[in-house]
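A look at the structure
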Amino acid sequence: MGMPISLQRVALLFFSLLLLHHFVQANDQELKDIDRGGIPFVAKTDCGVACTARCQLSSRPNLCKRACGTCCNRCNCVPPGTSGNQELCPCYYTMTTRGGRRKCP
């Protein structure tokens, strides 16, 4: 005579398999993101909004936004505030012009 399987055990088994499936999918997505170059996926910065905020006090806002946009597109980050804070975005901070001056406002 076999042992009867209770409804609770079936529900627990189903829930466990569902949870396991969720974790496997999440791990698979994380591995795909890291596969893009060894760096976990980071959301794309809205360069237009970030550069408008960064350049709002500039005496030459169009020039500032153009330079900031170039830097943002290459680095995918813009330091907070209207000036300074470049250390929070190393790529942005180290980008220079042909003349050796810092490119990013």
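So, here is what we can say about the structure in this document. (Residues numbered from 1 in each chain as written. Predicted model: local features only at pLDDT ≥ 70, side-chain atom pairs only at ≥ 80, totals over all residues. Heavy atoms only, no water.)

What follows covers helix α2 (residues 47-54). Those residues of α2 that fall on the buried side of the exposure criterion are Cys47, Ala50, Cys51 and Arg54. Axial view of α2: buried residues confined to an arc of 95°, hence all on one face. Contacts from the buried residues of α2 go to α3 (61-75) and α4 (90-94). (Buried < 20%, exposed > 50% of the residue type's maximum accessible area, 1.4 Å probe, protein only. Helix = DSSP H or I, 4+ residues; strand = E, 2+ residues; numbered from the N terminus. Arc of directions from axis to C-beta. Contact = heavy atoms within 4.5 Å.)

Helix length check: α3, at 15 residues, gives a terminal C-alpha distance of 20 Å against a target of 21 Å (1.5 Å per residue), a fit within 8%. Among the residues of α3, those classed as buried are Cys64, Ala67, Cys68, Gly69, Cys71, Cys72 and Cys75. Asparagine 76 occupies a position one or two residues after α3 and carries a positive phi of about 60°. (Expected span 1.5 Å × (residues − 1).)

The tally for this structure, following the rule as stated, stands at six disulfides. Residue cysteine 55 pairs covalently with cysteine 64 via a disulfide, S to S 2.0 Å. Residues cysteine 55 and cysteine 64 are joined by a disulfide whose S-S torsion is about -80°; by sign, that bridge is left-handed. Relative accessible area serves as the criterion here: at 1%, cysteine 55 is assigned to the buried category. (Disulfide = S-S within 2.5 Å.)

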